[in-house]
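The lines below spell out each chain.
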Amino acid sequence: MAEAISVSAPISGTDRSMSFEAGKLAQQADGAVVGRIGDTIVLATVVAARSVREGTDFFPLTVDIEERAYAAGKIPGSFFRREGKASDQAILTCRLIDRPLRPSFPKGFRNEVHVVGTVFGADQVNPHDVLAINAASAALMISGIPFDGPIGAVRIAYSTDGTWIPHPSFQEGDASTFELVVAGRALSEEPDAEVAIMMVEAGGTERSWQFYETGAPKVTEEVLAGGLEAAKTWIRESVNLQRELVARFVEARGPIEAVPFSTFVDYGDDVWERVQATAAERVAKVVQIADKTARNLETENVTSSVLTELAEELPGREREIAAAVRALNKKLVRKRIVEEGMRIDGRTTSEIRPLSAEIDLFPTAHGSSLFQRGETQVLNVCTLGMPRMDQMLDTITPDESKRYMHHYNFPPYSTGETGFMRGPKRREIGHGLLAERALLPVIPPKEEFPYALRLVSDVLSSNGSTSMASVCASTLSLMAAGVPIKAPVAGIAMGLVHEEDRYVTLTDILGAEDAFGDMDFKVAGTADAVTALQLDTKIAGLPADVLAQALRQAKEARLTILEVMHRCIAEPRDHVAAGAPKIVSMEIPIDKIGEVIGPKGKIINTLQQETGADISVDDDGVVGTVTIGAKDGRAVEEARRRIALILTPPTADVGAVYTGKVVNLTKFGAFVNILPGRDGLLHISKLSPLAGGKRVQQAEDVLTLGQPVEVRVDDIDPQGKVSLSLVGEPGEPGDGADHAAGSRETGQAPARVSFEDAFEAELVADLGDLGPVAPASPRGGDAGQGGDRRGGGRRRQRRR
């Protein structure tokens, strides 16, 4: 077996290190690197096809993450007990890897490339996603595949005392207010080279607002800019470690053999010159059409006419001509923005399209909204559910459930196209999680609002930043549903055009501006804090002042949108919808959980059946929590009242008469529930009135479970055990009046029938008189010297 080549370096500011290992595993892959932080281990492999598939006019890069359950010492929870489709977290990791790698391949490179990250170890402390980005870059560096790397990546967490923590553990991330994942490349070979940021994925944590309310500094645009600058230190460390790996690999194995490849162009220079001369004037008019549908239609008409005009001159080059028309379109759009400050739809660079917001669209929905920005239109519906509707997670991370869920749908009709709808694609899952992350910090904690929440965003029309429109629509439907969110959240997408050292930042970009621009920058937040951010650049580096300007411009737009949302609904409603379940929670002592649930769930099931409420019981190891929910508020209150009586049962009074219900039948009598949480024993010797005065052999002969019966409390012993008797007609033998009268005449207290006496009576009835019980030994086990250690003779008789 080949010997591994390893490099390792400490992560500054932590007590951990990052290591890369190559040359031992997956030797048939073009490149394979094992990355490790702590006991979290990821194998990243890369393979490139040696030829281009016919007809390919794009770069076919595929990234897959294989989360092996054994990495966390688990067996998959599915029916087949093996891993199935990728989890949402795995898909998000795939996108995190793809976004900085894709622009690092040569322009025109079209060989298929497959990157696979397999998680071998998940120590429940160190996340594997950022490690996978670094390992994938390292694998490409030793593969011979053309790649402009290395790419370094880091996650940093903003602590409650206002410092950035590099490569935080899961626990450190949960205890922070914000997390940033940043990827970038070094601009030179120097160890301390400047770093160009290529990708950012960031968001607040579940407890952000709780920390803010206790004095933690909020994450503002200035804090974010500082975080992006701070991240460069650890990106640089990863880049240098990858370069060290390459050097050692070459030293041990010799020069890396380059993968042969050819680059392709969409059109030849001669085609470009002819298209520019033929169509420039017409395309210049097309890019000024504001309406997307009309603009697309006219673009098709111009392309068709140019194809016809150049068919004889450039035979067989129709694909090149069409590509050249598109390139001309892009060039003129960018030129108009930079030189005139005017955009496709006639707006200025900082202008937002018309905004509108509505709520309460559907009477059956718990909360609904419609948010529109220009031609982008998103419908959002909020549904409230019982806590048992939380999503169970079967992953290799410490997360076991998710209470707040956001799902995003992007049907083909939203862009006026046809297509297949076969479940959510990676893009839809990524956009849904981005919008979910933007709202997570303002969702009230479970202690304040115990509902499970599911939000669904349906994109009805798309022309730029549907994910940020989903954030706005989600806020509106949450407030309409009566969810007491901490603050409204809005989002906006920003763009950038870079031409000849000039940077122009665009607010509220169109779909075409996203495609033709150099940056896609989405920012979501409240009026005074950022809750989520996503950034992708197509240029080598983003100057700090340009980024700061983009953040300031984004905040201005966000405040404008929040004002429109405020006019629609100013604050969350103080009640949930009539169709939503009414839920209350109450804490109970952990030792009372068994009493609420009952043997085999008997008590809780009876409560649910009789009240119609849905009841769940949970605990955190210290205190129990009972959650009660139902559409009818009266059912909730009745269930709560009954549970309160179980926790603090009312006291029965000696001599009082109660109408109870038979809840259990035994050989020595029947147990009757006379008060909530309070049962008493009706001994078999007291059942004769039900058999005409005759002795009753079995309680089942005269009583049935659930039968109502009127009883009197004869006695309550020091342990709280209640002895009952039947209440019959006055003067009947065995009725309560005769019993009480006899007691008064003799001057004696009513006979006490304890549970021990009842058991004794059962033994006598079954086995006869077994004689006296042997005295207990002082040592608790022997009946005197040489006595049987099993106890007295009566115990031996019972064992036969």
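What you see is a predicted model, and the numbers here were worked out from it, not measured in a lab. (Residues numbered from 1 in each chain as written. Predicted model: local features only at pLDDT ≥ 70, side-chain atom pairs only at ≥ 80, totals over all residues. Heavy atoms only, no water.)

Draft legend 1. Fine view of the overall build of the chain. Counting its regular elements, the chain contains 18 helices and 29 strands. For a compact globule of 800 residues, the expected C-alpha radius of gyration is about 28 Å, and the chain comes in at 37 Å, more than 25% above that figure. Seen through its C-alpha atoms, the chain measures out along the principal axes to roughly 125 × 65 × 50 Å. Evaluated residue by residue, the chain yields a buried proportion of 50% over its 800 residues. Within the chain, contacts between residues at least 6 apart in sequence are counted, and of these 69% link residues at least 24 apart. Carbon and sulfur atoms provide 51% of the accessible area of the chain, an area that totals close to 37900 Å². Separation of charge centres in the chain, based on 88 positive and 112 negative side chains, amounts to 4 Å. (Helix = DSSP H or I, 4+ residues; strand = E, 2+ residues; numbered from the N terminus. Rg over C-alpha atoms; globule rule 2.2 N^0.38 Å. Buried < 20%, exposed > 50% of the residue type's maximum accessible area, 1.4 Å probe, protein only. Contact = heavy atoms within 4.5 Å. Areas by Shrake-Rupley, 256 points an atom, 1.4 Å probe, with all protein chains shown as cover. Lys, Arg positive; Asp, Glu negative; His and termini not counted. Charge placed at Lys NZ, Arg CZ, Asp CG, Glu CD.)

Draft legend 2. Spatial organisation of the sheet that holds strand β8 (residues 164-166). Taken together, the eight strands give an open sheet; going across it, the order is β8-β7-β9-β10-β21-β20-β18-β19, and neighbouring strands pair in antiparallel fashion. Either end of the sheet is taken by a strand with one partner, and the two such strands are β8 and β19 (502-507). Along the sheet, successive strands turn relative to each other by an average axial angle of 25 degrees, direction set aside. When strand β7 (residues 151-158) meets strand β9 (residues 178-186), the two strands line up antiparallel, connected through eight bridges. (Pairing = 2+ DSSP bridges. Axes fitted to C-alpha atoms, helices over the stretch in contact; angles between N-to-C directions.)

Draft legend 3. Spotlight on the packing of helix α5 (residues 221-253) against helix α12 (residues 544-568). In contact at an axis separation of 10 Å, α5 and α12 are set at 150 degrees when each is read in the N-to-C sense. For the element pair α5 / α12, the angle class is roughly antiparallel. Relative to α12, α5 is oriented so that their crossing is right-handed. Residue-level contacts link Glu221, Leu224, Ala225 and Leu228 of α5 to Leu547, Leu551, Lys555 and Arg558 of α12. Class assignment of the residues belonging to the contact of α5 with α12 gives a composition of five nonpolar, no polar and three charged. (Parallel < 35°, antiparallel > 145°, perpendicular 65-115°, else oblique. Left-handed = near helix turned anticlockwise from the far one by under 90°. Nonpolar A, V, L, I, M, F, W, Y, C, P; charged D, E, K, R; others polar.)

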